[in-house]
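In case you want the letters, here they are:
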Amino acid sequence: MIYLSQLLGNPVLDANGEKIGVVNDLGIATREVFPRVTSLAFRGPGKTPFMISWRKYVDSFDDGEVRLAVPATDIRFSYLQPDEVLIARDLLNKQIVDTRGMRVVRVNDLKLSDTSQSQLRLLGAEVGARGILRALSPALERLAVRAAHAFGDEIPEKIIAWNYMDLIDRDLSSVKLSVSHQTLDDLHPADVADIIEQLDPRLRGQVFAQLDDAQAAEAIAELDDDEMAARIMDNMEDADASRMLSEMDPDDAAELVGELDYERAEKLLRLMGIKEQRAIRQLLGYKDDTAGRIMTSEFVALPRDTTVAEVVDRMRALPEDFEPVNYIYVTDDEEKLAGVVPVRRLFVSQPEDTIGKLASDDAVLTARPDDDQEDVAENIAKYNLLAMPVVDENSGKILGIVTVDDALDVLEEEHEEDLRIAGGSTNTSDSGESSGEFLRFLRNQMWFFFWAIAGLALALLLGPEIGIAISVGAPVALVAASEMIRYVTGFFIEYDEDDEDAPSIGGFAVKGLAIGVVWAAIVLLVVVGVNGVLSTASEGLGAVVFELLRGFEAAAVVIVLSFATAPAYLKILRQRDANGADTSGLALQIAALAIALVVFVVVAFLLTTPIVG
């Protein structure tokens, strides 16, 4: 086995041993499962680029040199063929899609198999740390591997085989890849969406260019980031964007259109068919975060005297892309919702039976279009429904249905919002894992950084010796401020403001203040006890120990004040939530720690500075 990084820059010698250049790149034939190296690209004198046939001219190679089978005078230069790519130019340091791991990775090196003395095949891409180290220096790679092994760890190769690779930017070399392996076109829309979310913004449009309208519509509907979906839509031609919207389910299309600016949205809607446009505009008429906004207008509702045979004929006539039908909704003579029949019941009924006869006698669980989408989603989960009808409060007619997949999306969004408020991380990508670990460390140990700032500030104000001694009490105050934020966010997540069984804001404030007072009292008791022991044990401990205890007294004051401000933080959270604004628990924690730091420094300064006059 040999790597591309071991070949690049090696001298190219002719049959007489004369150096005619250095290896610059290798060309491969992309039609094969494990492509053969077909061309050798090298830089000649004056950095002039040349390309020759690998099979015809290369006699042997190793990680030190490439030797040709003919003298330099007998070489005939060639050109890149339509089905070939240069792997250093078109693959190395580029993003590729790992279609097995469903992720986007960066190619750090390429692994080659020397099937004979003169023949090479591309096996796959190295996407791990060893590829980076090897590119810097093979000796550095060996040193790192040995060092890791000495500490009982390993740095494994991370190779993605060629048959699991798919190039993102297919136009880099004007080569249309035709490879016998799974490509983006074969992936599930949810997997395509995951890949798109990991891509550089400049490449997302290129991925969509590879998909037809139906595939693009399904993929963009699976994106978790609505703003990202809107940006992709903004970069598309009007006709292409309008066609894609037409392919989407009305509720997904309405959600996406709602993210666009008004002029762009109107232009795309006017380009759509009347039927699709009407369905989307009806949904856009409802407020955000309501059942009306997430419902779909694709459902089957029939009069109660419709027979099973007629229902089957009606369902056969539905378009292929119609929303999956799990229930038949039964209407009365005034077209009001009168019952529900699960589709599976049709299979065990007689063709002449009417759906009015098959409908359950139990009351139908419904939602109103203005109901909060989270409440609707929770009811769907609570009663194990596949869909819930949304009914007009005045007429009793069914307006649409909220399906279980949309309910799951709502619950996931609410869960992610709760995690953000609580300071958690929802990032699951490889790059996000390290970011998430850093954020978790920062969140849990943030008091340490503020403690360092407090020590520096007090040292400047009161002198190094006294300032550092007083700052020893700062961690207690800072940790209390962090716990106050956890108390606030926990209450906010558990109780909605409109919940009848939720404790009052007064009860919340009293409980928080009680926690602060008890915590501060414990700190003061420890201070009094330690002070008593030290005063009897030795009278020569000096002012430093005395000032250290003063620091804990200042911390007790900060603890009480921090928990006293808990209702203000709760009010901020609820107000921002009512306005539809996201709030990060990490941001709240930073604010609370900053305020606690300032208050601690001020109180400590006042406690240690004698009052003149």
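Everything discussed here concerns the structure shown above.
Observations concerning the overall build of the protein
On a plain count of helices and strands, the protein comes out with 26 helices and 19 strands. The 613 residues of the protein split such that 43% are buried. Long-range pairs, those at least 24 residues apart, make up 64% of the contacts in the protein between residues at least 6 apart in sequence. Just so you have it, the protein exposes about 32000 Å², and 54% of that area is on carbon and sulfur atoms.

A closer look at the sheet that holds strand S16 (residues 327-331)
Pairing in this open sheet of 3 strands is mixed, and the strands run S15-S16-S17 from one edge to the other. Both edges of this open sheet fall to strand S15 (301-303) and strand S17 (337-342), since each of them pairs with a single strand only. Sheet twist, expressed as the mean angle between neighbouring strand axes with direction ignored, is 35 degrees. As judged from the 5 bridges shared by S16 and S17, these two strands associate in the antiparallel manner.

Re unusual backbone geometry
With the exception of glycine, the majority of residues adopt a negative phi angle, and the majority of peptide bonds are in the trans configuration. Located in the positive-phi region is glutamate 335, a residue other than glycine, with phi close to 65 degrees. Along the polypeptide, glutamate 335 turns up in the loop between S16 and S17. For asparagine 384, which is not a glycine, the phi torsion comes out positive at approximately 55 degrees. Along the chain, the position of asparagine 384 falls in the loop between helix H18 (373-382) and strand S18 (387-391). In this structure asparagine 384 comes out as exposed when scored by relative accessible area, which is 66%.

Remarks on helix H13 (residues 274-284)
All of the buried residues along H13 are Gln277, Ala279, Ile280 and Leu283. The buried residues of H13 occupy an angular sector of 165 degrees when projected down its axis, which confines them to one face. Exposed residues on H13 whose side chains face more than 90 degrees from its buried face are Ile274 and Lys275. Buried residues along H13 sit in contact with helix H11 (250-257), helix H12 (262-271) and helix H14 (291-294).

Here is what the cut-offs are and how they apply
Residues numbered from 1 in each chain as written. Predicted model: local features only at pLDDT ≥ 70, side-chain atom pairs only at ≥ 80, totals over all residues. Heavy atoms only, no water. Helix = DSSP H or I, 4+ residues; strand = E, 2+ residues; numbered from the N terminus. Buried < 20%, exposed > 50% of the residue type's maximum accessible area, 1.4 Å probe, protein only. Contact = heavy atoms within 4.5 Å. Areas by Shrake-Rupley, 256 points an atom, 1.4 Å probe, with all protein chains shown as cover. Pairing = 2+ DSSP bridges. Axes fitted to C-alpha atoms, helices over the stretch in contact; angles between N-to-C directions. Arc of directions from axis to C-beta.

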